[in-house]
Amino acid sequence: MAQEYKLILKYADEPGYTPDIGCYLRHGGYADLKKALAMQPKDLPDGKKMSPQEQIREDVKISGLRGRGGAGFSCGLKWSFVDRKSGKPIYLICNADESEPGTFKDRQIMHKDPHQLIEGMIISCFANDVKLAYIYIRGEMPEGAKILNRALKEAREKNFLGKNILGAGYDLEMYVHRGAGAYICGEETGLIESLEGKRPYPRIKPPYFPAVLGLWMCPTIVNNVETLCNVKHIVAMGGAGFAKLGTPNNTGTRIVSLSGQVKRPGYYEIEVGKATIGELINDPKFGGGLLDGRKLKAVIPGGSSAKVFKAGEKFKLKKKDAEGKEILVETDMLDLPYDFDSLAAAGSMSGSSAIIVMDDSVDIVEALANIAEFYAHESCGQCTPCREGALWMSKALHRLTHGEGRASDADYLVKIADNIPGGRTICAFGEACSWPVQSFVGKFRDEFVAKGKADEERRAKETNGAEPAYEMKVAAGAHH
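Residues numbered from 1 in each chain as written. Predicted model: local features only at pLDDT ≥ 70, side-chain atom pairs only at ≥ 80, totals over all residues. Heavy atoms only, no water.

Enquirer: Explanation requested: the overall build of the protein chain in the structure shown.
Expert: Helix and strand content of the protein chain: 18 helices and 15 strands. Taking 2.2 N^0.38 as the reference for a compact globule, 480 residues should give roughly 23 Å; the C-alpha atoms of the protein chain span a radius of gyration of 24 Å, in line with that estimate. Projecting the C-alpha coordinates of the protein chain onto the three principal axes gives extents of approximately 85 × 50 × 50 Å. Taking all 480 residues of the protein chain together, 54% fall into the buried category. Restricting the contact set of the protein chain to residue pairs at least 6 apart, pairs at least 24 apart contribute 69%. With the model as given, the accessible surface of the protein chain reaches about 20,600 Å², and the carbon-plus-sulfur share is 55%. (Helix = DSSP H or I, 4+ residues; strand = E, 2+ residues; numbered from the N terminus. Rg over C-alpha atoms; globule rule 2.2 N^0.38 Å. Buried < 20%, exposed > 50% of the residue type's maximum accessible area, 1.4 Å probe, protein only. Contact = heavy atoms within 4.5 Å. Areas by Shrake-Rupley, 256 points an atom, 1.4 Å probe, with all protein chains shown as cover.)

Enquirer: Got a minute to help me understand the sheet that holds strand β6 (residues 220-224) in this structure?
Expert: Read from one edge to the other, the open sheet built from 4 strands follows the order β5-β4-β3-β6, with strand pairing classed as parallel. In the strand order of this sheet, the two ends are held by β5 (173-178) and β6, each with one partner. Sheet twist, expressed as the average angle between the axes of neighbouring strands with direction ignored, equals 20°. Relative to β6, strand β3 (residues 90-96) runs parallel, the two sharing 5 bridges. Looking at the pairing, Tyr91 lines up with Thr220 of β6. (Pairing = 2+ DSSP bridges. Axes fitted to C-alpha atoms, helices over the stretch in contact; angles between N-to-C directions.)

Enquirer: Looking at this structure, how should I read helix α9 (residues 225-237)?
Expert: An α-helix turns once every 3.6 residues. As a result, residues three or four positions apart point the same way. Across its 13 residues, α9 extends 19 Å between first and last C-alpha, which sits within 8% of the 18 Å expected from 1.5 Å per residue. Considered for burial, the residues of α9 that qualify are Val225, Glu226, Thr227, Leu228, Cys229, Asn230, Val231, Lys232, His233, Ile234 and Val235. Between a side-chain oxygen at the N-terminus of α9 and the backbone nitrogen of Glu226 the separation is 2.8 Å; the capping residue is Asn224. (Expected span 1.5 Å × (residues − 1). Polar contact = N/O pair within 3.5 Å; in protein donor to acceptor, adjacent residues only side chain to side chain.)

Enquirer: Can you help me understand the nonpolar core in this one?
Expert: With 61 residues, the main nonpolar core has Tyr30, Leu117, Met121, Ile122, Ile135, Leu172 and Met174 as its most contacted residues. The leading source of residues in this core is helix α6 (residues 114-127), at 8 residues. Contact partners of Leu172, with chain neighbours within four places excluded, come to Ile122, Cys125, Val130, Lys131, Leu132, Ala133, Leu161, Gly162 and Ile165. Core analysis: the second largest hydrophobic core is formed by 49 residues, Tyr183, Ala376, Leu413 and Phe429 among them. (Core = buried A, V, L, I, M, F, W, Y, C linked by side-chain atoms within 4.5 Å.)

Enquirer: I would appreciate a short explanation of helix α8 (residues 188-195) in the present structure.
Expert: Burial analysis of α8 places 8 of its 8 residues in the buried class, the great majority of the element. Of all the residues in α8, the buried ones are Glu188, Thr189, Gly190, Leu191, Ile192, Glu193, Ser194 and Leu195. Looking one or two residues beyond α8, the residue adopting positive phi is Gly197, at roughly 90°.

Enquirer: For this particular structure, what's the right way to read the side chain of Asn230?
Expert: Tracing the backbone through its elements, the reader meets Asn230 in helix α9. Judged by its relative accessible area of 0%, Asn230 is buried. Excluding residues within four positions of it along the chain, Asn230 makes contact with Leu7, Ile8, Leu65, Arg68 and Phe242.

Enquirer: Looking at this structure, how should I read the side chain of Arg68?
Expert: Positionally, Arg68 belongs in the loop between α3 (52-63) and α4 (75-80). Buried and without a salt bridge, Arg68 has Glu226 as its closest oppositely charged side chain, separated by 4.0 Å. Of note is the side chain of Arg68, whose polar atom sits 2.9 Å from the backbone oxygen of Thr251. Among the polar contacts listed, one links the side chain of Arg68 to the backbone oxygen of Thr253, at a separation of 3.0 Å. (Lys, Arg positive; Asp, Glu negative; His and termini not counted. Salt bridge = Lys/Arg side-chain N within 4 Å of Asp/Glu carboxyl O.)

Enquirer: For this particular structure, what's the right way to read the pattern of salt bridges?
Expert: Where charged atoms of side chains with opposite charge meet at close range, the side chains can pair. Inspection of the entire model under this criterion finds 34 salt bridges. Measuring nitrogen to oxygen at the nearest pair gives 2.9 Å for the salt bridge that ties Lys105 to Glu226. Within this pair, whereas Lys105 is found in the loop between β3 and α5 (106-112), its partner Glu226 is found in helix α9, the two being separated by 121 residues in sequence. For the pair Lys105 and Glu226, one class covers both residues: buried. Among the salt bridges present, the one from Arg458 reaches Glu462, with a minimum N-O distance of 3.0 Å. Placement of the pair is Arg458 and Glu462 together in helix α17 (residues 445-462), with a separation of 4 residues, close to one helical turn. Judged by its relative accessible area of 33%, Arg458 falls in the partly exposed class. Through salt bridges that share partners, Lys78, Glu187, Glu188 and Lys205 make up one connected network.

Enquirer: Explanation requested: the environment of Gly238 in the structure shown.
Expert: The topology assignment puts Gly238 in the loop between α9 and α10 (239-243). The spacing of Gly238 and Ile56 is 182 residues in sequence and 8.9 Å in space, taken between C-alpha atoms. Discounting residues that sit within four places of it in the chain, Gly238 has contacts with Asp59 and His233.

Shape is all these values report; function is a separate question.
In structure tokens form, the structure reads like this:
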């Protein structure tokens with residue numbers, strides 16, 4: 001049976017645990033930083049020496065840690081891309097702009113255990129020769145910003161930050177920067193533009209990969225809150241020890257935000273891949289099942305931009321048999337292991353690890369209209385397909401949910417959604433706004449057609465069959 005495994009949230013919800021430095025130190029806080037700073041160069045077989053910084057970077061690679069913010073990219077690999085020969089300073093930014101609808105995991109860490117994040121960041125900065133770091137926090141988290149600023153002040157007073165940290169000859173400064181409530185600032189280059197005081201228009205990659213041309217055109221590392229917390233545990237356990245948690249290629253733990261129509265919505269930390277979607281929804285230790293008398297209709301597995309799963313969907317996944325040969329196994333959606341690779345193989349993603357559960361009381365058209373309205377509002381407007389397309393889809397869905405739909409709207413929506421992603425936009429927002437539309441309409445097409453048809457029939461009765469005039473009105477309205 002699936003169990004919670006608390007690594008990052010080990011103390012956060014314990015009675016009497018507080019976010020101040022005194023409590024953190026009593027629970028062994030900053031011991032891993034002391035261990036990292038006390039590391040000695042290691043002799044290699046070829047007679048060269050491996051610096052403590054290189055040892056930590058290598059351990060992060062060995063650990064298999066993948067980004068917890070959305071893309072699931074290897075953290076060690078990301079660090080290895082940093083241009084260390086440019087002569088420019090290297091910066092580190094913690095992406096605390098948690099704005100994917102359905103996600104509320106990073107907020108728990110910042111509110112309840114801010115020093116764990118700060119310790120993880122200091123170790124990451126030390127490992128990458130960073131002297132200046134920023135925590136870019138979402139504008140709608142004023143309390144989180146206050147808590148972090150208080151924690152940074154406490155860390156400075158104890159010489160965990162500032163000049164000559166703990167006498168190790170290492171200097172580091174860290175600041176909290178509050179965003180202004182823009183979803184696009186979760187995209188790393190948009191975040192960097194915002195941090196520089198500009199409008200957060202994402203940069204085109206190549207050439208603007210942050211590892212080479214990031215903040216102020218200097219090499220920059222951008223990592224998520226949960227990812228950076230894990231670095232502290234990798235130093236404590238060793239890369240190989242950390243890699244034993246979870247499953248191959250999906251190592252460590254993951255904090256899952258579970259919301260929607262379940263009995264116990266909340267956040268749960270699991271070993272990656274050691275629990276299935278069904279267990280997370282139905283197990284009494286996790287979601288506790290659907291509300292009484294309800295049936296499962298759909299699940300969004302990784303935040304609002306992840307493609308939706310329909311209840312009862314089955315997927316053919318590659319598994320290894322007893323002899324190690326790859327075979328295809330038919331897997332029900334609820335039996336999918338909650339990890340990066342299984343969800344990707346099933347055509348969606350674990351994204352920001354936010355599961356949104358919808359039961360049979362949910363109007364799927366209304367749900368998609370809500371998501372589409374969010375994306376239309378949050379598009380930064382830099383790229384035409386996304387700026388126009390996101391709004392266009394939202395307007396069409398607004399019609400469908402306000403009695404002005406057409407039976408052809410299902411095809412109309414998919415046609416728009418198909419023309420936004422696929423390299424037509426600078427950042428992945430094009431995909432983020434299209435995937436929900438493509439998957440919702442693709443899997444629940446009948447509901448969209450039925451709603452549009454019912455609207456057409458009702459209007460036909462009201463106007464004694466004078467439907468063409470309305471069609472012309474709608475067509476004209478589409479151009480406003």
